[in-house]
Number of protein chains: 4
Amino acid sequence: MAPSGEEAVRVATRGGAGEPSSREEALPVMRERLLQAAETVLAERGYHGARVDDVVRRARASKGAFYHYFSSKEELLLELIDRFGGLLAQAMERALAERRGAAPRVEAALASVLTTLAEHRDLAWIVLVEAPVGGAAPRQRQQAVKERLIDRIRAGLDELAGEGRVAVRDTETVATVLLGMLEALATRWLMTGRPADLKASLEEVAPFALRGIGLLPAAGRPGPAGRPGEAEETQVTGTR
Amino acid sequence: MAPSGEEAVRVATRGGAGEPSSREEALPVMRERLLQAAETVLAERGYHGARVDDVVRRARASKGAFYHYFSSKEELLLELIDRFGGLLAQAMERALAERRGAAPRVEAALASVLTTLAEHRDLAWIVLVEAPVGGAAPRQRQQAVKERLIDRIRAGLDELAGEGRVAVRDTETVATVLLGMLEALATRWLMTGRPADLKASLEEVAPFALRGIGLLPAAGRPGPAGRPGEAEETQVTGTR
Amino acid sequence: MAPSGEEAVRVATRGGAGEPSSREEALPVMRERLLQAAETVLAERGYHGARVDDVVRRARASKGAFYHYFSSKEELLLELIDRFGGLLAQAMERALAERRGAAPRVEAALASVLTTLAEHRDLAWIVLVEAPVGGAAPRQRQQAVKERLIDRIRAGLDELAGEGRVAVRDTETVATVLLGMLEALATRWLMTGRPADLKASLEEVAPFALRGIGLLPAAGRPGPAGRPGEAEETQVTGTR
Amino acid sequence: MAPSGEEAVRVATRGGAGEPSSREEALPVMRERLLQAAETVLAERGYHGARVDDVVRRARASKGAFYHYFSSKEELLLELIDRFGGLLAQAMERALAERRGAAPRVEAALASVLTTLAEHRDLAWIVLVEAPVGGAAPRQRQQAVKERLIDRIRAGLDELAGEGRVAVRDTETVATVLLGMLEALATRWLMTGRPADLKASLEEVAPFALRGIGLLPAAGRPGPAGRPGEAEETQVTGTR
DNA sequence: GATGAATGAGCTTTCATTCAT
DNA sequence: AATGAATGAAAGCTCATTCAT
């Protein structure tokens with residue numbers, strides 16, 4: 001459907017191989033411009049506060065162009081949500097693929113989400129805060145993004161639980177809660193600016209989460225706990 | 001302070017001991033009616049989707065009456081947010097006052113929030129979901145409600161941390177995350193209806209949280225873990 | 001109908017001869033309060049900009065009281081107009097009665113209007129500027145006030161014209177124009193604050209007017225013209 | 001600069017020589033339609049009485065079109081005021097340019113204003129009567145229009161006064177008063193319909209004014225005075 | 001593809017007026 | 001007489017969307 005972020009960027013950026021601006025296959029540069037503009041504008045003024053005109057102006061496009069590429073303002077929001085959903089899922093997948101061992105993988109997954117959120121403030125705001133009030137469709141789409149992540153997390157937990165390596169029963173609830181922690185941190189960061197460095201929260205949250213699911217001992221002395229768990233590496237096959 | 005819906009109705013309805021309908025102390029019945037109506041209507045249609053007319057109609061009031069009691073639609077939202085903030089804070093305070101021992105108190109605090117959210121679906125939706133997009137003021141007010149709870153939780157954690165009973169360093173972050181878990185559960189419940197019984201999540205979340213902060217051993221065998229922590233009761237003076 | 005300004009003031013001020021605040025004959029003190037308040041408020045915010053609430057608040061009265069004494073906001077304006085009309089007519093009558101000789105009488109008439117306007121800035125603004133847009137009735141009432149003055153001036157001119165002492169044919173037009181000059185000065189003063197001293201304009205306007213109607217010679221040398229016409233006093237019977 | 005109604009219509013209607021409906025130079029037809037409609041509607045119902053809907057309906061336009069061209073109802077009024085200000089200034093300039101001699105030029109100036117007012121009843125009403133109550137901005141704009149005319153008149157008087165040909169000291173006051181006379185005549189005509197022919201007033205007002213400023217002898221016998229001043233023609237360089 | 005003038009339903013808010021007490 | 005809560009008809013303005021060019 002909607003081009004993933006990368007494709008879009010590629011398309012938009014490319015100088016063009018053959019035809020100098022051949023109109024037919026040129027994937028909509030303007031569509032990308034509109035999406036970019038929307039990201040900024042929606043974040044600044046909120047979904048309801050942002051007028052299509054604002055988006056169009058910022059993109060140096062025309063109303064007609066806008067409605068050529070999007071059937072409605074809502075659809076624009078949907079697309080942004082999906083995009084961000086893709087970014088999040090990708091990031092998590094990549095993080096999981098790069099690590100070995102249960103704890104490191106959990107940590108990496110948490111980090112990947114937090115990092116993605118921190119690196120896309122505007123999208124994060126739109127998806128976390130604005131989406132649910134954009135109407136029924138955006139609300140559901142946002143939820144879908146979350147569910148996708150929750151599912152992935154749960155899959156991992158299920159695996160660990162299957163091996164009895166984790167003190168978790170209702171993996172769905174725990175997955176929900178793990179994501180919720182990150183969401184809460186991000187939202188607070190977006191709203192209040194605290195903590196200044198969102199990713200730094202990991203240092204506290206990761207051990208909390210690992211202990212929570214029972215992957216880390218009673219926390220004994222949190223002494224050198226900053227970098228926890230390196231020792232007890234275990235190979236846990238991520239899903240897929 | 002703000003009378004809960006029921007109290008208010010009672011106040012408004014009551015015939016009174018002495019003066020039959022003395023004008024002076026009569027609490028604005030209509031204001032209460034408007035607030036009740038707003039709760040339902042805003043939850044149903046969202047802040048932006050709800051017209052003042054809808055609220056007024058449901059309250060069987062007139063536009064004039066509305067603007068007699070509220071200076072704007074936004075102010076109405078603010079009041080709803082504050083009310084719910086009061087309910088949450090009260091509930092948590094009560095819960096903490098009734099329990100002894102660190103773990104039980106933590107559990108009770110978590111439960112109180114979840115219970116309050118579950119018992120006021122409409123308000124919960126409004127405050128959790130709609131508030132941040134009602135404009136700058138509602139957004140800040142919502143954040144204030146959260147900060148109040150976070151502060152309270154942190155105070156408790158600080159105390160435990162002071163006694164070295166808890167594996168937490170940055171109590172603020174952990175407090176944020178603890179509240180965030182509940183928020184995530186509630187939001188998911190509001191959005192998807194799952195889990196059917198929001199409060200039941202506690203069974204999984206409480207141990208998770210207790211382990212997370214290091215109040216519960218490594219989760220030993222998650223076997224009988226369902227009802228955790230009874231043994232290690234400790235007297236921890238809640239704050240204040 | 002409406003008590004003239006003086007009566008009203010008397011009524012309002014009097015401590016009362018006999019009954020200490022007998023309610024029945026006590027001419028409405030509150031009515032007067034409302035009128036006074038209205039004068040200030042209407043001048044400040046304009047007829048349309050002023051809310052009945054503003055008037056009521058300033059008068060420390062209640063809405064009910066207002067509608068007890070005035071059937072509508074418009075009626076309030078009408079009364080203010082009539083009052084000021086009375087003041088103007090009175091002032092002119094008094095001025096004419098006190099002087100002898102054509103030129104002095106003309107001068108005195110002009111002065112009386114200018115003085116009255118200057119001494120009642122608020123009323124002047126209301127009547128000159130706001131009245132015509134208060135609706136049909138206030139518009140007509142304002143015009144009536146003007147016509148009354150024009151009529152009086154014309155009567156004087158007719159007399160002089162009858163004696164051939166004045167170079168005027170269409171006395172109605174000239175009367176209109178004489179009043180218009182003063183109106184223009186007053187309005188400009190109200191709008192721009194210039195000249196600082198409205199009454200000082202007389203020094204220029206009076207000779208202008210006297211020459212205009214032919215009561216003053218060609219203006220020969222404007223030299224000592226400042227105080228014009230003393231010499232050529234003539235007995236012109238003012239009307240009445 | 002603003003095209004008079006007719007020109008505008010012509011411009012709007014014209015089929016055009018070359019480009020068949022070239023978009024670029026097409027003067028906003030609808031804007032003109034709205035202005036025309038506003039002139040009528042505001043004159044009929046007054047500024048406050050006229051609803052934007054009324055204007056829009058009369059112009060066979062939509063609300064959106066209205067707010068596309070005017071940022072507010074007030075701005076519409078401002079434009080009408082400015083337009084009329086331009087007409088008045090133009091007319092006076094033209095009149096002064098066409099005549100030679102002090103008295104004829106004064107007469108012509110007076111005539112030009114009266115004629116313009118008479119030929120644009122609606123605009124005259126709006127500018128003379130409604131403007132000051134449209135709010136602060138329209139009030140000031142109206143005053144600016146007047147000041148512009150006063151300035152021009154004063155410039156002429158200053159010149160005459162410099163040559164000692166005129167019995168005027170404070171030329172600003174006299175200029176104010178000269179314009180005020182015309183205003184008074186016009187307003188009365190607008191309000192009461194009298195005199196039926198506004199311009200006929202000139203026959204009385206012009207000699208009055210000329211005598212007033214000392215350009216016409218004592219008025220001797222007003223006998224043949226109807227057409228005054230032919231004899232004493234003098235070349236007075238009007239300004240510019 | 002692109003334009004932007006035009007649409008018009010719908011919104012929040014105001015305020016003169018009423019009336020039960 | 002006096003109160004002020006309540007009424008409800010407007011009014012000005014917004015903005016997503018359409019469509020002739």
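Criteria and thresholds
- Residues numbered from 1 in each chain as written.
- Chains lettered and ligands numbered in written order.
- Predicted model: local features only at pLDDT ≥ 70, side-chain atom pairs only at ≥ 80, totals over all residues.
- Heavy atoms only, no water.
- Helix = DSSP H or I, 4+ residues; strand = E, 2+ residues; numbered from the N terminus.
- Contact = heavy atoms within 4.5 Å.
- Near = heavy atom within 4 Å.
- Polar contact = N/O pair within 3.5 Å; in protein donor to acceptor, adjacent residues only side chain to side chain.
- Least-squares fit on C-alpha atoms with pLDDT ≥ 70 in both.
- Nonpolar A, V, L, I, M, F, W, Y, C, P; charged D, E, K, R; others polar.
- Buried area = accessible area lost by both parts, 1.4 Å probe.
- Salt bridge = Lys/Arg side-chain N within 4 Å of Asp/Glu carboxyl O.
- Phe/Tyr/Trp six-rings, centres within 6.5 Å; stacked < 30°, edge-to-face > 60°.
- Buried < 20%, exposed > 50% of the residue type's maximum accessible area, 1.4 Å probe, protein only.
- Lys NZ or Arg CZ within 6 Å of the ring centre and 35° of its normal.

Asker: Please provide a residue-by-residue account of the overall build of chain A, values included.
Answerer: The secondary structure content of chain A amounts to ten helices and zero strands. Helices (α) and strands (β) of chain A occur, in sequence order from the N terminus, as α-α-α-α-α-α-α-α-α-α. Sequence separation of at least 24 residues holds for 67% of the intrachain contacts in chain A that already meet a minimum separation of 6.

Asker: Which residues make up the protein's contact with DNA strand F, and what values go with them?
Answerer: Neighbouring residues of DNA strand F: 30 residues in total, closest K63 of chain A, Y69 of chain B, G64 of chain C together with R51 and K63 of chain D. Counted by atom, the contact set of DNA strand F within 4 Å of the protein is 64% sugar and phosphate. In the environment of DNA strand F, a phosphate oxygen lies 2.7 Å from a nitrogen or oxygen atom belonging to the side chain of S62 of chain B. The contact in question runs from a phosphate oxygen of DNA strand F to an N or O atom on the side chain of R51 of chain D, over 3.1 Å.

Asker: Requested: an account of the relation of the copies chain A and chain B, with residues and values cited.
Answerer: For the pair chain A and chain B, the best superposition has an RMSD of 0.1 Å and corresponds to a rotation of 180° with a translation of 0.0 Å parallel to the axis. The transformation relating the two chain copies, once decomposed into turn and shift, fits a two-fold axis. A share of 96% of interface residues in chain A that are also interface residues in chain B marks the association as one of identical surfaces.

Asker: If you had to explain the relation of the copies chain C and chain D to someone new, which residues and values would you point to?
Answerer: After a rotation of 180° and a shift along the axis of 0.1 Å, chain C superposes on chain D with an RMSD of 0.1 Å. Here 100% of the contact residues of chain C are again contact residues in chain D; the copies associate through an equivalent surface.

Asker: Before we move on, could you go through the protein's contact with DNA strand E and cite the residues and values that matter?
Answerer: Taken together, 30 residues lie near DNA strand E, and G64 of chain A, R51 and K63 of chain B, K63 of chain C together with Y69 of chain D sit nearest. Within 4 Å of the protein, the contacting atoms of DNA strand E are 64% sugar and phosphate, with bases supplying the remainder. Within the residue set of the surface near DNA strand E, elements represented by two or more residues are α4 (63-69) of chain A, α4 (63-69) of chain B, α4 (63-69) of chain C together with α4 (63-69) of chain D. Split by residue class, the surface near DNA strand E holds twelve nonpolar, nine polar and nine charged.

Asker: Tell me about the interface of chain C and chain D, residues and numbers included.
Answerer: Listed as interface residues are 45 residues of chain C and, on the opposing side, 45 residues of chain D. It is R188, E204 and F208 of chain C in chain C that bury the most area against chain D; as a group they hold 18% of the surface buried on that side. Summed over the shared surface of chain C and chain D, the result is eight salt bridges. When the shortest N-O distance is used, the salt bridge between E147 of chain C and R188 of chain D registers 2.9 Å. At the junction of chain C and chain D, the tally comes to 16 residue pairs in polar contact (both at pLDDT 80 or more). Among the elements of the structure, α7 (121-130), α8 (136-162), α9 (171-192) and α10 (202-213) of chain C are those that each provide at least two residues to the side of chain C that touches chain D. With 14 residues, the top contributor of residues to the side of chain C that touches chain D is α9 of chain C. When the residues that make up the side of chain C that touches chain D are grouped by side-chain class, the tally is 22 nonpolar, twelve polar and eleven charged.

Asker: Kindly report on the packing of aromatic side chains, identifying the contributing residues and their values.
Answerer: Any pair of aromatic rings gets described here by the distance separating the centres and the angle formed by the planes. In this structure the tally under the stated criterion is ten aromatic pairs over all chains. Aromatic side chains F66 of chain A and Y67 of chain A sit 5.0 Å apart centroid to centroid with 70° between the ring planes, which places their arrangement in the edge-to-face category. By relative accessible area, which is 0% here, F66 of chain A ends up buried. Looking at Y67 of chain A, the relative accessible area reads 43%, which means it is partly exposed. One aromatic cluster in this structure is built from F66, Y67 and F70 of chain A. Of note, K73 of chain B hangs over the ring of Y47 of chain B, and the distance from its end group to the ring centre comes to 4.6 Å.

Asker: Pulling in residues and values, what's your account of the pattern of salt bridges?
Answerer: Residues and elements named next belong to chain B. Under the criterion given, the structure shown has 66 salt bridges over all chains. Note that R57 and D54 form a salt bridge whose closest N and O atoms lie 3.6 Å from each other. Of this pair, R57 and D54 are both found in helix α3 (residues 52-58), three residues apart, which corresponds to roughly one turn of the helix. For R57, a relative accessible area of 55% translates into the label exposed.

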